Amino acid sequence: MQPYELTLTAAAEEIRTRRLSPVELVDSVLDRIETTDPHLGAYVTVTTDQARRAAREAEHHITHGHHRGPLHGIPMGLKDLIDVAGIPTTASSRVRADHRATTDSTVAARLNQAGAVLLGKTHTHEFAFGLTTPQTRNAWHTDRVAGGSSGGSAVAVAAGSATFALGTDTGGSIRVPAALNGVVGLKPTYGLVSRHGVTPLSWSLDHVGPLTRTVEDAALVLTALAGHDPRDPASLPGPTPHYRTDTPTDLTGLRIGIPRTYYFHHVHPDVENAVRDAIGHLETLGAQLIDIDIPMTRYIQATQWGLMVPEAGAYHAQNLRTAPELYQEDVRILLEAGQLIGAGDHIRAQRARTLMRAAWAQTLQHVDLIAAPSTPITAAPTDQTTITWPDGTTEGVSDAYVRLSAPANITGLPALTLPVGHDPAGLPIGMQLLGHPLGEPTLLHVGHAYEQTQPTRPFPTTT
């Protein structure tokens with residue numbers, strides 16, 4: 001096994017016991033980037049020299065007994081919305097082609113403090129406003145979409161060109177590409193992870209979280225990221241939590257809600273079958289399955305767009321007036337639409353969100369978490385724009401991807417996606433677990449229990 005093939009958890013143990021040096025690991029992953037990125041396009045910027053210097057420094061500290069923890073010497077990618085001092089943050093856009101950060105974002109600073117080694121910035125759908133990341137190709141099939149907007153981060157982790165990565169999630173932008181590329185993606189509770197120094201898409205919907213190979217890896221990264229930050233007005237107060245997965249695989253007594261409505265409507269049979277099989281496996285581990293109804297389903301997508309589009313339009317208003325030609329057409333149209341949504345519509349969307357949060361809280365009183373598909377389809381061909389369902393209705397590809405992930409952004413609830421199989425074409429399928437506010441420990445416990453009782457997942461065949 002090559003070092004780049006190691007999970008974060010395995011690599012951390014190899015480094016801790018000095019069977020592997022950070023230099024060896026980082027060199028292996030940098031070589032992997034050189035091999036895979038010409039046809040995958042996961043990275044917009046690779047900081048090769050800086051990464052090698054940081055790896056040598058990490059090795060020096062560890063050798064002299066200054067081991068900072070499980071992320072020390074571990075190579076990572078950061079979505080190109082996340083500021084790191086001295087490195088460009090372009091948001092994969094010509095609008096910010098010359099922008100270079102002067103200070104670290106909170107998440108970058110915390111990962112640096114934990115000893116992680118930055119490999120570079122990963123591609124995003126321009127300003128995170130899209131669900132495909134067109135610059136990047138799916139790690140399993142290069143003529144399929146990577147998913148977005150954190151497509152570069154998901155593909156890098158899937159391909160072994162990052163041991164872990166960070167993404168952002170406004171309507172599913174961590175979970176969708178994670179599901180389409182067969183990796184783990186975690187959108188934390190709103191306010192648990194600081195967004196200071198992260199280019200916003202929609203202030204009231206944005207989240208930052210990890211993409212990893214395993215649920216255990218996600219717990220390690222979340223432990224480094226989580227905690228109050230006064231520079232983010234939405235940051236939750238309280239002590240810095242510590243997340244563990246060294247819990248039994250026995251799920252006896254755990255109540256899992258299975259949606260009767262919404263989440264299994266207009267879902268491809270391959271996806272539904274794989275997710276229901278995974279849910280059945282959780283039942284064999286002792287979980288109790290409880291049928292539930294998802295509240296206010298007719299308002300979910302309207303509320304998502306009613307919040308996101310005007311907030312994005314407000315952030316980009318000046319650039320739209322001065323340099324609209326620098327935006328990609330699909331993003332510019334959405335941002336211009338945001339200029340046309342009035343304050344009344346935005347307020348109505350906020351009111352709907354308040355009602356939706358209350359309704360979801362009522363539903364969650366009866367279960368410990370909800371299990372459902374992460375996306376209704378696997379990775380679409382790059383030239384496909386719509387889906388026609390068996391009942392004759394047509395849906396845009398991006399609309400389909402955001403449909404099942406948006407509720408967790410509107411409500412601010414934590415959501416974890418993990419791989420549960422492949423379709424006949426070999427494309428990954430993801431299952432989504434949604435929990436109570438600050439319910440990450442339960443999601444990680446259940447996800448880890450599933451993972452520990454399944455075969456080891458292979459690397460993509462195309463890489």
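In the block above lies the structure referred to throughout.
The rules behind each value
Residues numbered from 1 in each chain as written. Predicted model: local features only at pLDDT ≥ 70, side-chain atom pairs only at ≥ 80, totals over all residues. Heavy atoms only, no water. Helix = DSSP H or I, 4+ residues; strand = E, 2+ residues; numbered from the N terminus. Rg over C-alpha atoms; globule rule 2.2 N^0.38 Å. Buried < 20%, exposed > 50% of the residue type's maximum accessible area, 1.4 Å probe, protein only. Contact = heavy atoms within 4.5 Å. Areas by Shrake-Rupley, 256 points an atom, 1.4 Å probe, with all protein chains shown as cover. Lys, Arg positive; Asp, Glu negative; His and termini not counted. Charge placed at Lys NZ, Arg CZ, Asp CG, Glu CD. 1 Å grid on protein atoms, 1.4 Å probe; cavity = no way out; pocket = protein on both sides within 12 Å on 5 of 7 lines; lining within 4 Å. Points joined across faces, edges and corners; volume = space filled by probe spheres on them. Axes fitted to C-alpha atoms, helices over the stretch in contact; angles between N-to-C directions. Parallel < 35°, antiparallel > 145°, perpendicular 65-115°, else oblique. Left-handed = near helix turned anticlockwise from the far one by under 90°. Phe/Tyr/Trp six-rings, centres within 6.5 Å; stacked < 30°, edge-to-face > 60°. Lys NZ or Arg CZ within 6 Å of the ring centre and 35° of its normal. Pairing = 2+ DSSP bridges. Salt bridge = Lys/Arg side-chain N within 4 Å of Asp/Glu carboxyl O. Polar contact = N/O pair within 3.5 Å; in protein donor to acceptor, adjacent residues only side chain to side chain. Nonpolar A, V, L, I, M, F, W, Y, C, P; charged D, E, K, R; others polar. Expected span 1.5 Å × (residues − 1). Arc of directions from axis to C-beta.

**Student:** Could you give an account of the overall build of the protein, with specific residues and numbers?
**Tutor:** A count of helices and strands for the protein gives 15 helices and 13 strands. Compactness check: the protein gives a C-alpha radius of gyration of 21 Å against a globular reference of 23 Å for 463 residues, within 12% of the reference. C-alpha extents for the protein along the principal axes are approximately 60 × 60 × 45 Å. Split into buried and exposed, the 463 residues of the protein put 60% on the buried side. Put simply, 76% of the contacts in the protein that link residues at least 6 apart link residues at least 24 apart. For the protein, the exposed area adds up to about 17,500 Å²; of that, 51% sits on carbon and sulfur atoms. Seen as two clouds, the 34 positive and the 45 negative side-chain charges of the protein have centres 5 Å apart.

**Student:** Please provide a residue-by-residue account of empty space enclosed by the protein, values included.
**Tutor:** Inspection of the entire model under this criterion finds one cavity of 30 Å³ or more. For the largest cavity, the calculated volume is near 40 Å³. Taken together, Pro 188, Thr 189, Tyr 190, Gly 191, Leu 192, Val 193, Arg 195, Asp 206, His 207 and Val 208 make up the full set of residues lining the largest cavity.

**Student:** Explain the packing of helix 9 (residues 300–315) against helix 12 (residues 343–364) to me, using residue names and the numbers behind them.
**Tutor:** The description of two helices packed together rests on the angle between their axes and the distance between the axes. Put simply, helix 9 and helix 12 touch, their axes get as near as 9 Å, and they point 130° apart. Here helix 9 lies oblique to helix 12, going by the angle between them. Our pair here, helix 9 against helix 12, has a crossing hand that is left-handed. Contacts from Ile 300, Thr 303, Gly 306, Leu 307, Pro 310 and Glu 311 of helix 9 reach helix 12 at His 346, Ala 349, Gln 350, Ala 352, Arg 353 and Met 356.

**Student:** Tell me about the packing of aromatic side chains, and name the residues and values.
**Tutor:** The full count for this structure, using the stated rule, is four aromatic pairs. An angle of 75° between the planes, with centres 6.1 Å apart, marks the rings of Trp 203 and Tyr 315 as edge-to-face. Highlighted residues: Trp 203 in the loop between strand 5 (184–187) and strand 6 (207–212) and Tyr 315 in helix 9, separated in sequence by 112 residues. By relative accessible area, which is 42% here, Trp 203 ends up partly exposed. Plain terms: the ring middles of Tyr 262 and Tyr 263 are 5.5 Å apart, the flat faces sit at 85° to each other, and that makes the pair edge-to-face. Under the relative-accessibility criterion, Tyr 262 is labelled buried at 13%. The aromatic ring of Phe 264 is capped on one face by Arg 276, whose charged end is 3.8 Å from the ring centroid.

**Student:** Account for the sheet that holds strand 3 (residues 117–122), with residues named and values stated.
**Tutor:** In a beta sheet, neighbouring strands are held together by backbone hydrogen bonds and run either parallel or antiparallel to one another. Taken together, eleven strands build an open sheet; the order of strands is 1-3-2-4-6-5-12-13-9-7-8 and the sheet is mixed. In this open sheet, the two edge strands, each paired with only one partner strand, are strand 1 (43–46) and strand 8 (288–292). Going from strand to strand, the sheet's axes swing by 30° on average, the running direction of each strand aside. Where strand 9 (residues 369–373) and strand 13 (residues 428–435) come together, five bridges link them in antiparallel fashion. By the bridge assignment, Ala 372 is partnered in strand 13 with Gln 432.

**Student:** Run through the pattern of salt bridges, naming residues and quoting values.
**Tutor:** As enumerated under the stated definition, the model contains 15 salt bridges in all. For Arg 403, the salt bridge goes to Glu 395, with nearest N and O atoms at 2.7 Å. Of the charged contacts, one joins Glu 451 and Arg 457 as a salt bridge, the two residues approaching to 3.3 Å between their closest N and O atoms.

**Student:** Got a sec to walk through the side chain of Arg 32? Specific residues and values, please.
**Tutor:** Along the polypeptide, Arg 32 turns up in helix 2 (residues 22–40). Although Arg 32 is buried, it forms no salt bridge, and the closest oppositely charged side chain is Glu 5 at an N-O distance of 7.4 Å. A distance of 3.4 Å separates polar atoms of two side chains, one belonging to Arg 32 and the other to Tyr 4.

**Student:** Break down the pairing of strand 13 for me, citing the residues and quoting the values.
**Tutor:** For strand 13, a buried count of eight out of eight residues is recorded, marking the element as mostly surrounded by other parts of the structure. Both faces of strand 13 are covered, namely the face carrying Pro 428, Gly 430, Gln 432 and Leu 434 and the face carrying Ile 429, Met 431, Leu 433 and Gly 435. Here strand 12 (residues 415–422) pairs with strand 13 via seven bridges, running antiparallel. Opposite Leu 416, over in strand 13, you have Leu 433 as the bridge partner.

**Student:** Quick rundown of the layout of surface pockets? Include the residues and the values.
**Tutor:** Counted as a void, the largest pocket has a volume near 690 Å³. Elements represented by at least two residues in the lining of the largest pocket include exactly helix 1 (8–16), helix 5 (151–159), helix 7 (215–225), strand 12 and helix 15 (440–452). By residue class, the composition of the lining of the largest pocket is 13 nonpolar, eleven polar and six charged. Its volume calculated, the second largest pocket comes out at about 500 Å³.

**Student:** Please give an account of the pairing of strand 12 that cites residues and values.
**Tutor:** Burial within strand 12 is extensive, with six of its eight residues counted as buried. One ladder, built from three bridges, connects strand 5 with strand 12; its direction is antiparallel. Across the sheet, Lys 187 pairs through a bridge with Ala 415, a residue of strand 12. Linkage of strand 12 to strand 13, two consecutive antiparallel strands, is achieved through a turn of five residues, within which Gly 426 is found at a positive phi near 85°.

**Student:** I'd love a proper account of helix 12, names of residues and values included.
**Tutor:** Taking 1.5 Å per residue as the helical rise, helix 12 with its 22 residues ought to reach 32 Å, and the 31 Å between its terminal C-alpha atoms agrees with that figure. Every buried residue belonging to helix 12 is among His 346, Ala 349, Ala 352, Arg 353, Met 356, Ala 359, Trp 360, Thr 363 and Leu 364, and all of these are buried. Along the axis of helix 12, the buried positions cluster into a sector of 135°, meaning they face one direction only. Exposed positions of helix 12 whose direction lies more than 90 degrees from the buried face are Ala 343, Arg 348, Arg 351, Thr 354 and Leu 355.

Scope: geometric values only; no functional claims are made or implied.
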